[in-house]
Number of protein chains: 2
Amino acid sequence: MTHTQTNSTTRRATLGGAAAVAAAALGVGLPAKAGAAAAGRRTPGPRIGILLYDGFSLLDPTGPAEVLSRLPGATVTMLAERRGPVPVRTDTGDVAVVADRSLAEAGRLDVVLVPGAGNDGTIAAMENPAILRFLRQAHRHTRWTTSVCTGSLVLGAAGLLGERATTYWASKDYLESAFGVTYVPERYVHDGRIITAAGVSAGLDLALYLAALLTGDTIAQAAQLAVEYDPHPPFDAGNAAEATPERKELALRLLEESQRRVPPGHSRS
Amino acid sequence: MTHTQTNSTTRRATLGGAAAVAAAALGVGLPAKAGAAAAGRRTPGPRIGILLYDGFSLLDPTGPAEVLSRLPGATVTMLAERRGPVPVRTDTGDVAVVADRSLAEAGRLDVVLVPGAGNDGTIAAMENPAILRFLRQAHRHTRWTTSVCTGSLVLGAAGLLGERATTYWASKDYLESAFGVTYVPERYVHDGRIITAAGVSAGLDLALYLAALLTGDTIAQAAQLAVEYDPHPPFDAGNAAEATPERKELALRLLEESQRRVPPGHSRS
């Protein structure tokens, strides 16, 4: 422990109080600030609202939020039926995210994004009149109304889907039978002003596509580098069309068993 | 609006109150529950603690949490110096995540994950004695102590890095000079019981690698399918080794300009 302590002290001394040096060394202090930012004023950019509701899948809203928040002047706001202090819990109950604005406080939005959820959460959102009303009203003014995973079913319940859409791989039959749309097995499907993404992690690919629509390819590509999105998973097992029935069943069992009830006292409903 | 309303009503009638049918149609109700889950008891699985601190990058902890929470019996706990109700804000100030336990309440952990942050957040964490003490103590008992992005610099400040590690691409020089380790430009680098991941989105690849270590390839591959991680970004721009100086500078500028100060009243310090 003494050895570690000594090393640590030495290492911290290298940083010392010289935050400017450390900042340059970390690499983030290098580029010159653009005019607006240097003046303490941000150029107005896209207003992005992300809907949270109990039982959402954590990565569905947070992946896109990470990417879209990097666009020049962008504001990303987490919205829910009621805003904090009571946060919105994920389907596993493990993580709680704060909604900074209620649906009534959302204001005019350029992009709305609806995440997916476990079964209970998705069905509750599809049957929630306040959420459906919000989506229909917001869609009148958005440039793009978007979803990740089973979020497309919530868009469907709001009557907003067009002829083609995507969703979580296990929900494709439901999507087609309930809403009469053609399921397209792509990472994201653009149909008019509606853009739907496939399951969970597909929100990252959607977000880069949206970034290009909002700000052009050059900035979108820089945003991809900003989040070092050069994916190399250790397996090539994420495509349902290539999965065995055994892997599909195991994947669904992992989901079902991890989707615990929302802990008492954390429910928003 | 009437047309939409009618469609929506019809569509919701298809779901109706038949949640069981809807659940089966959504695909998640199909597999039989495993014994432990059916009995309302979860098989004890890996205990995973994810450190939050002000200014963290949103995807760094949430990507891995999404994947790891799907492992059988896993518990994923968001930890911070102080637990909620005051949440921990991201570097952009846009999103706040609740820490359900303080560092003192963390208990014995199988895996600790340290996310990265913007400059200010990273430096503050590297200089925070409570965080460094927690990491050193937790590391005595973990199976793997891990990081995403500049989280490896925090592990370095705690004296926990070995000979090889990775970090955010723009921080590689700092990593090498401050901690005397060799930067390896891979998505994740496993050195002893320390596993470091590259920037932001690399946490997803790390999480699947960890999933395989914790539960074997079969479950890890099913977890990959569960989150439909079959990445196809619209651009191939996320690898710093292949980026032009212009793209690198723009990426760093996007980060710098998006890293707003934590809004007043939201600071934890």
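What counts and how
- Residue numbers here run from 1 along each chain, matching the order of that chain's written sequence.
- Whichever chain is written first is A, and whichever ligand is written first is 1; the rest continue in order.
- Only residues with pLDDT of 70 or above have their local features reported here, since the model is predicted, and side-chain atom pairs are shown and tallied only from 80 upward, although totals for entire chains, interfaces and linings are computed over all residues.
- Side-chain measures were taken over the full set of non-hydrogen atoms in the model, leaving aside hydrogen atoms and water.
- What counts as a helix is a DSSP run of H or I of at least four residues, what counts as a strand is a run of E of at least two, and both are numbered from the N terminus.
- Summary of the burial criterion: residues with accessible area below 20% of their type's maximum are buried, those above 50% are exposed, and those between are partly exposed, where the area comes from a 1.4 Å probe applied to protein chains only.
- The contact definition used throughout considers only heavy atoms, calling two residues in contact when any of these lie within 4.5 Å.
- Only the protein chains shown count as cover for residues, and the accessible areas themselves come from Shrake-Rupley with a 1.4 Å probe.
- Two parts lose some accessible area (1.4 Å probe) when they are put together, and adding that loss for both gives the buried area.
- Whenever Lys or Arg places a side-chain nitrogen within 4 Å of a carboxyl oxygen from Asp or Glu, that contact is recorded as a salt bridge.
- Here a polar contact is recorded for every N or O atom pair within 3.5 Å, except that within protein the pair must consist of a potential hydrogen donor and a potential acceptor, and residues adjacent in sequence are included only if both atoms are side-chain atoms.
- In this comparison the copies share one frame, found by least squares on the C-alpha atoms of residues holding pLDDT of at least 70 in both.
- For two strands to be treated as a pair, DSSP must find no fewer than two bridges joining them.
- Here an angle of 0 to 180 degrees is reported between the N-to-C directions of two axes, which are lines fitted to C-alpha atoms, with helices fitted over the stretch in contact.
- UniProt positions are given in the numbering used here, feature names are shortened, and annotations may be inferred rather than shown by experiment.
- Any pair of Phe, Tyr and Trp rings, taking the six-membered ring for Trp, is counted once the centres come within 6.5 Å. Such a pair is stacked with planes under 30 degrees apart, edge-to-face with planes over 60 apart, and tilted for the rest.
- Here, the term nonpolar core denotes a set of buried Ala, Val, Leu, Ile, Met, Phe, Trp, Tyr and Cys residues that are joined through side-chain atoms within 4.5 Å.

Counting secondary structure elements, chain A contains eleven helices and eleven strands. Expressed as a percentage of the 269 residues in chain A, the buried residues total 61%. Sequence separation of 24 or more characterises 66% of the internal contacts of chain A that already satisfy a separation of 6 or more. Of the accessible surface of chain A, which amounts to about 9900 Å², a share of 51% is contributed by carbon and sulfur atoms.

Taken together, the 115 residues of chain B in the interface contact 116 residues of chain A. In total, about 10500 Å² of surface goes out of reach between chain B and chain A, with carbon and sulfur atoms giving 60% of it. Between chain B and chain A we count four salt bridges in total. The closest approach of N and O atoms between A:Arg70 and B:Asp91, which form a salt bridge, is 2.8 Å. The interface formed by chain B and chain A includes 41 residue pairs in polar contact (both at pLDDT 80 or more). Considering each element in turn, the side of chain B that touches chain A owes the most residues, twelve residues, to helix 11 (residues 245-258) of chain B.

On to unusual backbone geometry, then. Residues and elements named next belong to chain A. For the peptide bond that leads from Gly84 to Pro85, omega is 20°, which places it in the cis range. Within the secondary structure layout, Pro85 lies in the loop between strand 2 (75-80) and strand 3 (88-89). Residue Glu228 is not a glycine yet carries a positive backbone phi of 45°. As for its position among the elements, Glu228 is in the loop between helix 10 (217-226) and helix 11 (245-258).

At an RMSD of 0.0 Å, chain B and chain A line up after a rotation of 180° and a shift of 0.0 Å along the axis. Accordingly, the operation relating the two chain copies is best matched by a two-fold axis. When C-alpha positions in chain B are compared against the rotation axis, the closest is assigned to B:Val97, at 2.3 Å.

Let us now look at the sheet that holds strand 5 (residues 101-102) of chain A. Think of a sheet as strands paired side by side through backbone hydrogen bonds, with each pair either parallel or antiparallel. Residue and element names in this part refer to chain A. Strands sit in the order 5-2-1-6-7-11-10 across an open sheet of seven strands; the sheet is mixed. What marks the edges here is a single partner per strand, and that holds for strand 5 and strand 10 (188-191). In this sheet, strand 11 (residues 194-197) lies alongside strand 7 (residues 144-148) in parallel orientation, the contact comprising four bridges. Each residue of the ladder has a partner; that of Thr145, found in strand 11, is Ile194. Relative to strand 2, helix 4 (residues 59-68) is tilted by about 160°, and along the sheet it contacts strand 1 (47-51), strand 2, strand 6 (111-114) and strand 7. On the sheet, helix 9 (residues 202-215) packs against strand 6, strand 7, strand 10 and strand 11 and is oriented at approximately 165° with respect to strand 7.

With numbering aligned to this structure, UniProt lists the feature "domain: DJ-1/PfpI" (unreviewed entry) at residues 47-210 of chain A. Helix makes up 32% of residues 47-210 of chain A and strand 23%, and the two end C-alpha atoms of the span are 12 Å apart.

The subject of this paragraph is helix 4 (residues 59-68) of chain B. Of all the ten residues making up helix 4 of chain B, ten are buried; the element is thus mostly covered by neighbouring parts of the structure. By the burial criterion, the buried members of helix 4 of chain B are B:Leu59, B:Asp60, B:Pro61, B:Thr62, B:Gly63, B:Pro64, B:Ala65, B:Glu66, B:Val67 and B:Leu68.

All names here are of chain A. Summed over the entire model, instances satisfying the criterion amount to six aromatic pairs over all chains. Centre to centre, the rings of Tyr168 and Trp169 are 5.3 Å apart; their planes meet at 40°, and the pair counts as tilted. Both residues of the pair, Tyr168 and Trp169, count as buried. Centroid distance Tyr174 to Phe179: 6.1 Å. Interplanar angle 90°. Geometry classified as edge-to-face. Exposure remark for Phe179: the relative accessible area of 6% places this residue in the buried category.

Using the criterion set out here, one finds 14 salt bridges over all chains in the structure. Among the salt bridges present, the one from A:Arg253 reaches A:Glu249, with a minimum N-O distance of 2.9 Å. Here the residue A:Arg253 and the residue A:Glu249 both occupy positions in helix 11, the gap between them amounting to four residues, near one helical turn. Through salt bridges with shared partners, one network takes in A:Glu66, A:Arg70 and B:Asp91.

Moving on: the sheet that holds strand 1 (residues 47-51) of chain B. Residues and elements named next belong to chain B. Strand order across the open sheet formed by seven strands is 5-2-1-6-7-11-10, with mixed pairing between neighbours. Edge positions in the sheet fall to strand 5 (101-102) and strand 10 (188-191), since each of these pairs with one other strand and no more. Across two bridges, the pairing between strand 2 (residues 75-80) and strand 5 is parallel. Bridge pairing in strand 5 links Ala80 to Ser102.

One recurring pattern in soluble globular proteins: nonpolar side chains tend to sit buried together. Counting 175 residues, the largest nonpolar core has A:Leu135 and B:Leu135 as the members making the most contacts within it. When near neighbours in sequence (up to four residues on either side) are disregarded, A:Leu135 contacts A:Val112, A:Val114, A:Val154, A:Leu155, A:Ala158 and A:Leu160.

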